[in-house]
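Spelled out from the first residue to the last, the chains are:
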Amino acid sequence: MRTERFDSLDWLRGVAILGMLVANIPWHTGTSMSRIHDVDGLSVAAWLIQYALVDQRFMPVFCMLFGAGVLLLADGRADAPGFRRFYLRRMAVLFVIGLAHAYLIWPGDILLTYALSAPVLLLFLRAPAPVLLACGLAFKAVDLAFLQWPELYAQTFRAWLFDGWLVIGDPPMSEAAAYAGSYADLFNYNVWRNQFIQWTAMPYFRMWNALGFMLIGMALFRWGILQARADARIYRRLIMGGLVFGLPPLVYGLLGRIGEHEAVGAFLGWSHGLPLSTLAYMTGTAATSMALLGGLILVFRGHEKARWTAPVRAVGRMALSNYIFHSVFFLAIFAGLEWVAYDTLDPDDRLVWVAGIWIVQLAASPLWLRAFGQGPLERAWRALAGRGPRRGERVALA
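Cut-offs and rules
Residues numbered from 1 in each chain as written. Predicted model: local features only at pLDDT ≥ 70, side-chain atom pairs only at ≥ 80, totals over all residues. Heavy atoms only, no water. Helix = DSSP H or I, 4+ residues; strand = E, 2+ residues; numbered from the N terminus. Rg over C-alpha atoms; globule rule 2.2 N^0.38 Å. Contact = heavy atoms within 4.5 Å. Areas by Shrake-Rupley, 256 points an atom, 1.4 Å probe, with all protein chains shown as cover. Lys, Arg positive; Asp, Glu negative; His and termini not counted. Charge placed at Lys NZ, Arg CZ, Asp CG, Glu CD. Buried < 20%, exposed > 50% of the residue type's maximum accessible area, 1.4 Å probe, protein only. Polar contact = N/O pair within 3.5 Å; in protein donor to acceptor, adjacent residues only side chain to side chain. Patch = residues over 30% accessible without salt bridge, like charges linked within 9 Å, V, L, I, M, F, W, Y side chains within 5 Å. Salt bridge = Lys/Arg side-chain N within 4 Å of Asp/Glu carboxyl O. Expected span 1.5 Å × (residues − 1). Bend = angle between axes of the 7 residues up to and from the residue.

**Q** Provide a residue-level description of the overall build of the protein chain, including the pertinent values.
**A** Per the secondary structure count, the protein chain includes 17 helices and zero strands. Over its C-alpha atoms the protein chain spans a radius of gyration of 21 Å, differing by no more than 12% from the 21 Å that the globule rule assigns to 398 residues. Intrachain contacts of the protein chain at a sequence separation of at least 6 include 82% that bridge at least 24 residues. Accessible surface for the protein chain amounts to roughly 17800 Å². Of this, 66% is attributable to carbon and sulfur atoms. Between the averaged position of the 34 positive side-chain charges in the protein chain and that of its 26 negative side-chain charges there is a distance of 16 Å.

**Q** Lay out the environment of Gly265 in plain terms, naming residues and giving numbers.
**A** Tracing the backbone shows Gly265 in helix α12 (residues 262-268). C-alpha of Gly265 to C-alpha of Phe196: the two residues are 69 residues apart in sequence and 29 Å apart in space. If sequence neighbours within four positions are ignored, Gly265 has contacts with Ile258 and Trp270.

**Q** So what's going on with the environment of Asp55? Residues and values would help.
**A** Checked against the element boundaries, Asp55 lands in the loop between α2 (41-54) and α3 (58-74). Classification of Asp55 by relative accessible area gives buried; the value is 9%. When the C-alpha atoms of Asp55 and Gly19 are compared, they prove to be 9.3 Å apart, with 36 residues separating the residues in sequence. Not counting residues up to four positions away in its chain, the partners in contact with Asp55 are Met33, Gln50, Arg257, Tyr281 and Thr285. A polar side-chain atom of Asp55 sits 2.7 Å from a polar atom in the side chain of Tyr281.

**Q** A description of a nonpolar patch on the surface should follow, citing residues and the corresponding values.
**A** Together, Leu104, Tyr183, Phe187 and Val191 make up an exposed nonpolar region whose accessible area comes to about 330 Å². Ranked by residue count, the leading element in the nonpolar patch is helix α9 (residues 183-199), at three residues. Within the secondary structure layout, Phe187 lies in helix α9.

**Q** Residue-level account of the side chain of Ser8, with values.
**A** Here Ser8 lies in helix α1 (residues 7-29). A polar contact is formed between the side chain of Ser8 and the backbone oxygen of Gln227, at a distance of 3.5 Å. Setting aside residues up to four positions removed in sequence, Ser8 forms contacts with Leu226, Gln227, Ala228 and Phe300.

**Q** I'd love a proper account of helix α16 (residues 347-372), names of residues and values included.
**A** Its 26 residues place the ends of α16 36 Å apart at the C-alpha level, agreeing with the 38 Å of an ideal helix rising 1.5 Å per residue. Ala364 marks where α16 bends most, by close to 25°; the proline Pro366 follows one to four residues later. Here α16 has its buried residues at Pro347, Asp348, Arg350, Val354, Ile357, Gln361, Ser365, Pro366 and Leu369. Looking at the buried positions of α16, the neighbouring elements they touch are α1, α2, α14 (309-317) and α15 (319-336).

Remember, this is a structural readout, not a statement about activity or role.
In structure tokens, the structure reads:
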């Protein structure tokens, strides 16, 4: 028995991948999301768009879809002999892909986080939706606490896991020098950077945040919300609730970030730091990501048969391949072809590159699927993980 494919999940995944490019491009093209080289109206406007509308909005959606995907993978076979071995083998393959991505291409990889978080989700396969939601919120609360009060992390997980042996030391060179040098230089730099951008960051915020939204996504899937099957009023409530509870802390946190940014604060005439601005900002982004989710599903429900949604769904069906393509593309641009010097683009310049990549992926993904049926990395992942046990009864929705 084959599990049902939900077009709404492909749509959400496609939008999330395209949106994650906007969120990730500051780290593909430079060392800071905040830096502006030429401060003018366009660059400041693009900076504000990045923080007010994009940062930490699309990764939560993708994490929720990952959680839903785990339930789909377990659908009708969670108790079958060999399922857990198949599941762990599949996540081990994802771990290897993420490891290669982080060390050989781009250290900002998120696949390692997903692969290391995935075994925890096995504990929740039979959990009802309210339990999933409560546990997801609890994980997210830990994430918010560590981000606002990093000394909590330093006194707990960092002390337990790293303080006795890990000494990161100085970088072998600047990131710009690594990209301008040989590939060996870049690899050595990636090895150094992954010590803190991947491994020490896992118990700091990466896994808490990912697990929180994965469990929330599993709850929403059990309720039929991600499948676009719930009453339209549910999605409108997601939008209204996300905006009502998210916009005030988001605006407050954004004002704090503006005040802490010397160039943007001076340009906008606001130079005041605010207490608890990190907690407020991250709470606001989490809540407004739920509003984004509700809005995206309503758009899909209203235009499910529209031709313009098909390319977005195709991008979603090739999410893994399209995600890795972003990193390969920028590696070629900055380190291979050296068309652009690393860490020289302003926020408005980056948006031009985003538009170009969107056009390419929206055009190429449907053509690839028509010719080959699935993305190249999706095919490799499935082949290396092998076939799981046969499906029996369907997984119950709440």
